[in-house]
Amino acid sequence: MSILTERRVTSLVLLLVGMALLSQTFGQAYSGLGAFSPMFFPQIVLSFWVAVAALDLVAELRQRVVGTRPQLLRVTVIALASLVFLLAMTRIGFFLAAVPFSAVALVTLGLRRPVPVAAVSLGVPAALVALFNHLLTLPLPTSPVAWWF
Amino acid sequence: MNIKTLIASLAVLATSAAAPALAQDFPERPVNLVVPFNAGGGTDLLVRGFAPYLAEALGGDVFVSNMAGGSGTVAAGALAGQRPTGYQLGYWSVTVSTIQPQIKDVPYGIDSWEPICSVAASPTMLFTNAGNGIETIEQAKAAIEAEPGKYLFGSSGPGAMTHLTTVAAFEGLGVLDKIKHLPFQGSGPALQAMAAGTIQFFGDTEILMQRGDFTPLVIFSDARSENFPDVPTATEVGIAAPLNELYLWGGLFAPAGTPDDVVAKLSEACGAAVASEGFQSFAADTQTVLNYRDAEAFDAFFRAQYEGNTAIIEAAGL
Amino acid sequence: MIELLPQAAGLIFTLEGLLVLVLGTMLGIILGALPGIGSTVAVAMILPFTLGMSQAPAILLLLAVYAGSVYGGSISAILINTPGTPQSAATCLDGYPMAQRGEAGLALGWSTIASTIGGLTSAVVLLLAAPQLAALALNFGPIETFALILLGLTCIVSVSEGSLIKGLVAGSIGLFLGCVGGDPITGEARFTFGQFQLISGFNLLAVVIGVFALSEVLIRAAAKEEGTQSLVSFSGIVLPPLSAWRGRIKGLMKSVAIGNGIGILPGTGAATAAFISYAEAQRSSPNRAKFGKGEPDGLIASESANNAVTGGALVPTMALGIPGDAITAVMLATLTLHGVTPGIRLMTDNPVLIAAIFSGFFVINLMLLPMGMLVAKGAAPLLRLREGYMLVLIVLLCAVGVYFVRGNPFDLLVMGGAGILGFVLRRQGMPMPPLVIGMVLGPTLEISLRQGLIITDGSFAAFFTGHPIALVLAILAVGMLALPLITALRARRSGTA
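One numbering rule holds for all chains: residues counted from 1, following each sequence as written. Each chain is given a letter, starting from A, and each ligand a number, starting from 1, according to the order in which they appear as written. Totals for whole chains, interfaces and linings use all residues, but because this is a predicted model, local features are given only for residues with pLDDT of at least 70 and pairs of side-chain atoms are given and counted only at 80 or more. Values reported for side chains reflect all heavy atoms of the structure, with hydrogen atoms and water molecules removed beforehand.

- If you look chain C up in an unreviewed UniProt entry, it shows as Putative tricarboxylic transport membrane protein from Jannaschia seohaensis.

- For chain A, an unreviewed UniProt entry supplies the name Tripartite tricarboxylate transporter TctB family protein and the organism Jannaschia seohaensis.

## Observations regarding the overall build of chain C
Right, on to step 1. In DSSP terms, a helix is any run of H or I states spanning at least four residues, a strand is any run of E spanning at least two, and both are numbered starting from the N terminus. The number of helices and strands found in chain C is 21 helices and two strands.
Right, on to step 2. Here the radius of gyration uses the C-alpha set of atoms, whereas the globule reference equals 2.2 Å times the residue count to the power 0.38. Rg of the C-alpha trace for chain C: 22 Å, near the compact-globule value of 23 Å for 497 residues, within the 12% margin.
Right, on to step 3. With respect to the three principal axes, the spread of C-alpha positions in chain C is 65 × 60 × 55 Å.
Right, on to step 4. Relative accessibility under 20% of the residue-type maximum defines a buried residue, over 50% an exposed one, and the middle range a partly exposed one, all with a 1.4 Å probe and only protein chains included. The burial tally for chain C puts 66% of its 497 residues in the buried class.
Right, on to step 5. In chain C, of all internal contacts separated by at least 6 residues, the share reaching a separation of at least 24 is 79%.
Right, on to step 6. Working note: accessible area of chain C is about 15,800 Å², and carbon and sulfur atoms make up 68% of it.
Right, on to step 7. Taking the average place of the 24 positive charges on the side chains of chain C and the average place of its 21 negative ones, the gap between the two points comes to 12 Å. Whether two residues are in contact is decided by their heavy atoms: any pair within 4.5 Å suffices. Computed by Shrake-Rupley with a 1.4 Å probe, the accessible areas treat only the displayed protein chains as cover when residues are assessed. Only four residue types enter the charge count: Lys and Arg as positive, Asp and Glu as negative, with His and the chain ends excluded. To locate a charge, the coordinates of NZ of Lys, CZ of Arg, CG of Asp or CD of Glu are taken.

## Notes on the UniProt feature "transmembrane region" (unreviewed entry) in chain A
All names here are of chain A.
Right, on to step 1. The positions UniProt marks with the feature "transmembrane region" (unreviewed entry) are residues 39–59, 71–88 and 118–140.
Right, on to step 2. Taken end to end, residues 39–59 is 95% helix and 0% strand, and its two terminal C-alpha atoms sit 30 Å from one another.
Right, on to step 3. Spanning residues 118–140, this segment combines 78% helix with 0% strand, and its end C-alpha atoms are found 22 Å apart. UniProt positions are given in the numbering used here, feature names are shortened, and annotations may be inferred rather than shown by experiment.

## Considering the state of the cysteines
One way to say it: the disulfide is the covalent bond shared by the sulfur atoms of two cysteines.
Right, on to step 1. Sulfur atoms of two cysteines make up a disulfide when they are within 2.5 Å. Inspection of the entire model under this criterion finds one disulfide over all chains.
Right, on to step 2. Paired by a disulfide, cysteine 117 of chain B and cysteine 270 of chain B hold their sulfur atoms 2.0 Å apart. Between cysteine 117 of chain B and cysteine 270 of chain B, the S-S torsion sits near 80°, and that sign places the bridge as right-handed. Remark: cysteine 270 of chain B occurs in helix α8 (residues 260–275) and cysteine 117 of chain B occurs in strand β4 (residues 113–129); sequence separation between them is 153 residues. Like cysteine 117 of chain B, the residue cysteine 270 of chain B is buried in the burial classification.
Right, on to step 3. The thiol sulfur of cysteine 155 of chain C is not disulfide-bonded, and the nearest other cysteine sulfur, from cysteine 92 of chain C, lies at 16 Å.
Right, on to step 4. Left unpaired, cysteine 179 of chain C is separated from the closest cysteine sulfur, that of cysteine 155 of chain C, by 19 Å.
Right, on to step 5. Here cysteine 179 of chain C falls in the buried class, since its relative accessible area comes to 1%.

## Some words on the packing of aromatic side chains
For any pair of aromatic rings, the description consists of the separation of the ring centres together with the inter-plane angle of the planes.
Residues and elements named next belong to chain B.
Right, on to step 1. Pairing of aromatic side chains requires ring centres within 6.5 Å, counting the rings of Phe and Tyr and the six-membered ring of Trp. Pairs whose planes differ by under 30 degrees are stacked, by over 60 edge-to-face, and all others tilted. Taken as a whole and judged by the stated rule, the model has 30 aromatic pairs over all chains.
Right, on to step 2. Ring pairing ties together the aromatic residues Trp92, Tyr108, Trp113, Trp249, Phe253, Phe298, Phe301, Phe302 and Tyr306, which thus form one cluster.
Right, on to step 3. Charge-over-ring placement is defined geometrically: NZ (Lys) or CZ (Arg) within 6 Å of the ring centre, and within 35 degrees of the ring normal. Geometry around tyrosine 87 places arginine 29 over its ring, the cationic atom sitting 4.2 Å from the centre.
Right, on to step 4. Above the ring of phenylalanine 301, the side-chain terminus of arginine 293 is found at 3.7 Å from the ring centroid.

## A look at the confidence of the model for chain A
Right, on to step 1. Across chain A, pLDDT averages 89, with 95% of residues at or above 70.
Right, on to step 2. A residue's pLDDT is simply how confident the predictor is in it, with values from 0 to 100. Mean pLDDT in chain A bottoms out at helix α5 (residues 114–135) of chain A, which sits at 92, and peaks at helix α4 (residues 94–108) of chain A, which reaches 95.

## Things to note about the interface of chain C and chain A
Right, on to step 1. Contacts between chain C and chain A engage 64 residues on the former and 64 residues on the latter.
Right, on to step 2. A simple way to read buried area is as the amount of 1.4 Å-probe accessible surface that goes missing from two parts once joined, with both sides added. Around 5,500 Å² of area is buried between chain C and chain A when both sides are counted, 76% of it from carbon and sulfur atoms.
Right, on to step 3. On the chain C side of the contact with chain A, Tyr389, Leu396 and Arg427 of chain C bury the most area, a combined 12% of that side's loss.
Right, on to step 4. Every case where a carboxyl oxygen of Asp or Glu lies within 4 Å of a side-chain nitrogen of Lys or Arg is listed as a salt bridge. Notably, a salt bridge pairs arginine 427 of chain C with glutamate 6 of chain A, separated by 2.9 Å at the nearest N-O pair.
Right, on to step 5. The definition of a polar contact used here is a pair of N or O atoms within 3.5 Å, where within protein one atom must be able to donate a hydrogen and the other to accept one, and adjacent residues in sequence count solely through side-chain atom pairs. Put simply, chain C and chain A have 10 residue pairs in polar contact (both at pLDDT 80 or more) between them.
Right, on to step 6. Residue contributions to the side of chain C that touches chain A peak at 12 residues, all from helix α17 (residues 387–406) of chain C.
Right, on to step 7. Each residue is assigned to one of three groups, with Ala, Val, Leu, Ile, Met, Phe, Trp, Tyr, Cys and Pro labelled nonpolar, Asp, Glu, Lys and Arg labelled charged, and all others, Gly among them, labelled polar. Grouping the amino acids of the side of chain C that touches chain A by side-chain chemistry returns 42 nonpolar, 10 polar and 12 charged.

## Considerations on helix α14 (residues 326–337) of chain C
Residues and elements named next belong to chain C.
Right, on to step 1. A helix is expected to reach a length of 1.5 Å times the quantity of its residues less one. With 12 residues, α14 ought to run about 16 Å at 1.5 Å a step, and its terminal C-alpha atoms sit 17 Å apart, in line with that.
Right, on to step 2. Summarising burial for α14: nine of the 12 residues are buried, a large majority.
Right, on to step 3. Those residues of α14 that sit buried are Ile327, Thr328, Val330, Met331, Leu332, Ala333, Thr334, Leu335 and Leu337.
Right, on to step 4. Positive backbone phi, at 80°, marks glycine 339, one or two positions downstream of α14.

## Points about the pattern of salt bridges
Any two side chains of opposite charge can pair if their charged atoms end up close together.
Right, on to step 1. Evaluated as defined, the whole model comprises 25 salt bridges over all chains.
Right, on to step 2. Across the pair glutamate 236 of chain B and arginine 224 of chain B runs a salt bridge whose closest N-O atoms are separated by 2.5 Å. In this pair, glutamate 236 of chain B sits in the loop between β8 (214–219) and β9 (247–255) while arginine 224 of chain B sits in the loop between β8 and β9, placing the two residues 12 residues apart along the sequence.
Right, on to step 3. The partly exposed category is assigned to glutamate 236 of chain B, whose relative accessible area is 47%.
Right, on to step 4. When its relative accessible area of 40% is taken as the criterion, arginine 224 of chain B is described as partly exposed.
Right, on to step 5. Between glutamate 103 of chain C and arginine 101 of chain C there is a salt bridge, with the nearest N and O atoms lying 3.2 Å from each other.
Right, on to step 6. On the basis of relative accessibility, which here comes to 28%, the residue glutamate 103 of chain C falls in the partly exposed class.

## Quick notes on unusual backbone geometry
Right, on to step 1. Residue proline 27 of chain B is bonded to the preceding phenylalanine 26 of chain B through a cis peptide linkage, with omega at 0°.
Right, on to step 2. A cis amide bond links alanine 241 of chain B to the next residue, proline 242 of chain B, at an omega of 5°.
Right, on to step 3. Considering the arrangement of structural elements, one finds proline 242 of chain B in the loop between β8 and β9.
Right, on to step 4. Despite not being glycine, phenylalanine 191 of chain C has its phi angle at roughly 50°, a positive value.
Right, on to step 5. Turning to its location among the elements, phenylalanine 191 of chain C is positioned in the loop between β2 (189–190) and α10 (204–222).
Right, on to step 6. Residue phenylalanine 191 of chain C is classed as buried on the basis of its relative accessible area, which comes to 7%.
Right, on to step 7. Phi angles above zero are rare outside glycine, and phenylalanine 193 of chain C is one such case at about 50°.

## Considering the pairing of strand β1 (residues 31–35) of chain B
All names here are of chain B.
Right, on to step 1. Most of β1 sits out of view: five of its five residues are buried.
Right, on to step 2. Alternating positions in β1 separate into two faces, Val31, Leu33 and Val35 on one and Asn32 and Val34 on the other, with burial throughout.
Right, on to step 3. By definition, two strands form a pair when at least two bridges between them are found by DSSP. Here β1 pairs with strand β2 (residues 62–66) via five bridges, running parallel. Note that in β2 the partner of valine 34 across the bridge is serine 65.
Right, on to step 4. Between the parallel elements β1 and β2, the chain passes through helix α2 (residues 42–58) in a crossover that is right-handed.
Right, on to step 5. Here β1 pairs with strand β3 (residues 88–93) via three bridges, running parallel. Within β3, the residue paired with asparagine 32 across the bridge is glutamine 88. When the strands point away from the viewer, a crossover counts as right-handed if the path from the first strand over the helix to the second runs clockwise.

## Looking at the pairing of strand β5 (residues 152–155) of chain B
All names here are of chain B.
Right, on to step 1. Side-chain alternation along β5 places Leu152 and Gly154 on one buried face and Phe153 and Ser155 on a second face that is also buried.
Right, on to step 2. Note that β5 and strand β6 (residues 180–183) share four bridges and pair parallel. Looking at the pairing, serine 155 lines up with proline 183 of β6.
Right, on to step 3. For the crossover from β5 across helix α6 (residues 161–173) to β6, the handedness is right-handed.

## Comments concerning the packing of helix α3 (residues 72–92) of chain A against helix α18 (residues 409–427) of chain C
Right, on to step 1. Fitting a line to C-alpha atoms yields each axis, with helices limited to the stretch in contact; the angle taken between N-to-C directions then spans 0 to 180 degrees. Their axes nearest at 8 Å, the elements α3 of chain A and α18 of chain C cross at an angle of 165°. As the angle between them shows, α3 of chain A and α18 of chain C are arranged roughly antiparallel. Pair α3 of chain A / α18 of chain C crosses with right-handed handedness. Residues Val75, Ala79, Leu83, Leu86, Leu87, Met89 and Thr90 of chain A of α3 of chain A form the contact with α18 of chain C, whose own contacting residues are Pro409, Leu412, Leu413, Met415, Gly416, Gly417, Ile420 and Phe423 of chain C.
Right, on to step 2. Each residue belonging to the contact of α3 of chain A with α18 of chain C can be placed in one class, and the counts come to 12 nonpolar, three polar and no charged. Each angle gets one of four labels, with under 35 degrees taken as roughly parallel, over 145 as roughly antiparallel, 65 to 115 as roughly perpendicular, and the rest as oblique. The crossing is said to be left-handed when, going from far helix to near helix, the turn is anticlockwise and less than a right angle, and right-handed when the turn is clockwise.

## Concerning the environment of proline 141 of chain A
Right, on to step 1. By the secondary structure assignment, proline 141 of chain A is in the segment after α5.
Right, on to step 2. The buried category is assigned to proline 141 of chain A, whose relative accessible area is 9%.
Right, on to step 3. Spatially, the C-alpha atoms of proline 141 of chain A and valine 75 of chain A are 27 Å apart, while their sequence positions differ by 66 residues.
Right, on to step 4. In this structure proline 141 of chain A touches Met89, Thr90, Gly93 and Phe94 of chain A together with Tyr403 of chain C, once residues within four positions along its chain are discounted.

If you want it as structure tokens, here you go:
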């Protein structure tokens, strides 16, 4: 077994991110000194971050904890599908983005019966659009194709 | 409906949306008014009150949507990149349209817009706490000069109108370096600090007088206020142009490139809506000072304001 | 105020008034229970409907939706470990473990009763002493606020189940996330890396929904089993028997007091109250050892406190015309629409209206219990859905909710990113409530600290010399931090002796 466990890598990355952000706060031209400097408070916070993240890394190195293995493929598909959906939603409209997302996510999560999957992935977005855009006139993003969905 | 007719009807819808809007057919679908702040704020309520009258004047549907963030610049930045169809309009205030683009790196500027009409405008005033011994602007100046660094003025945030009003007053009087600025997150906390006496000066429109016990010191207008005839104008107390007039105004803007006939139609409808009895009484209830300018006049006013506010932004050190 | 009640009742007990109270409470509970749709969004959704109503019903509708949604947030927190709003983040800590061991109905029973009691007492406080309390709140300047927020931050220690260090890391990430965007004093952009969208910072709700709800979806997707089971077994609210309350009343009273007290102070809010109350209960409850593993005392502490805030928040709103949070700001704006100017003279100029609002608020809180049971009953079949359907539904609703917070497309990406971040952090056993605490309290901590330093000309020592309230709060904060250390040391010493 390698010494790189998922937990150790995450701890290390957190420490490095904190250090990178902290180094960002120095050497930039900002107006004001002390309480008037925009970096006054972030420097306190980030120094604290680096300190506790270092302690955390030490703790992780001293004890070896191996977590459960995730279903990598499944979680990656769901995460990517969610991101694409969230990105697409304001560009091609809620309905057109939600339908393929729902279908992909349901199938990935192990629901394979075609009728309920199709019904949910079409029906739920349609119901939400009908409710918000037309009943409440509180519009969700609409598609560039037509204003009513 | 079979697939072919569905595709055909979608295609018709698509072309009808993409075709340039003709003024005589405008509006063919609901017009969207974008409020650059959260639902429930003062601007939001004004636009929601205005929408039904605009819809009536246009002979179509009008709906309001909110997009908040970055002191209104997020919505303005988003609208500036939209196709100029006239179906999406923004209600921008003086800060969103003339001040923020000069102090922040935002994806829009003076030439991003086709101004449609102005709806409301109120001059701002400088206030102090009632009962603190300061009754006039001269006394305020003397007190600040006597004890530099002792007095604090508040604002609802850096770059807000509440900030710029006070900057204009004290820069105009030459005492800005003897008084400290304490920004708050919104007007609410600032007014609380005013009531508690933490801060001594605050700038806002006349409506503030009804929200607490304050003494108005000076008004940034070309004439004295009807309700407070004893309060001198900034020019009278020696505040020189361009710091002497400040208005909190707002109006409808369309993205640049909107067809002229659509702008004309919207501007006319906007005028009718502002003049309508219903909206007039709404404005009276909410104590909004209406000020309609048509597209041409508003365009000139907007450009003049954009240039004029540069001086005050510099004074504020933004 | 009391003597005006008969007149006020005339405004409430009309057909319109009662309809508004019943439907508004119900709608508020439903909206609050939907993951992703918090109180602010719920109130904003209802706002357009109030435009056509008369004064009292319009405000009562908003109040009913507000109180209902704060309570409703606990339903999703308990059943699917997804706080609808930041203020019910502390409810997840003990609510969800209870649901996992099959006691979802009972957990909701505890939270419902606690919410009702919290809300009712705050309504009474409001009726009796709003003007006096408002005057008291004025003594709370930036320096006092700073000390209070410092005390709030110490809660990170008590909500860091498992590992204190990991809790502190999560807390500092939250504090940092709160720093991104325009500087509150100078307006300069910080950590935006040239992204114009970041100038307004990360939206709190988008991050909260991401790290709780979306990461929960990812964690379940990553789990071994196929998502064909239902999430929890639940068939309706089960009220705890009276005898089970023994030993919990004192904690409840304390939480109610904390909620009321913090609600009165502008700019702090329900999430702070819930966390402080939870931390205090964890320090003093006789059942403190079981906290975080499904202990009703923890549920009671957070739910009674966050509902007590609803009344407290109305104190400065109504008595001074100064809104305590985004929701009360909406209410004040609605009053303006109906020709009532909010301000220092609001109560003196409109005594009957205010009495009607306050007593209507009491009625609303009475209705939380029956309406909550009704909504829970209706929601039960939904929870029997197979897990896969439920997860997709959660993602869709979260997207809708976050979009409606401010209609900002960037917030959706923030939610997605926060979901993945939350997934990675939670996989290594990092608790998420500290991250939320950091992000909720960070901005207020920063601005109050820097305002204080401007007032005192840069002297941090002057924070405590002239400000007794701040001093007491700071000592409490130090005590909260030192206490676990002292008990740990003592335990070690007695162990070795």
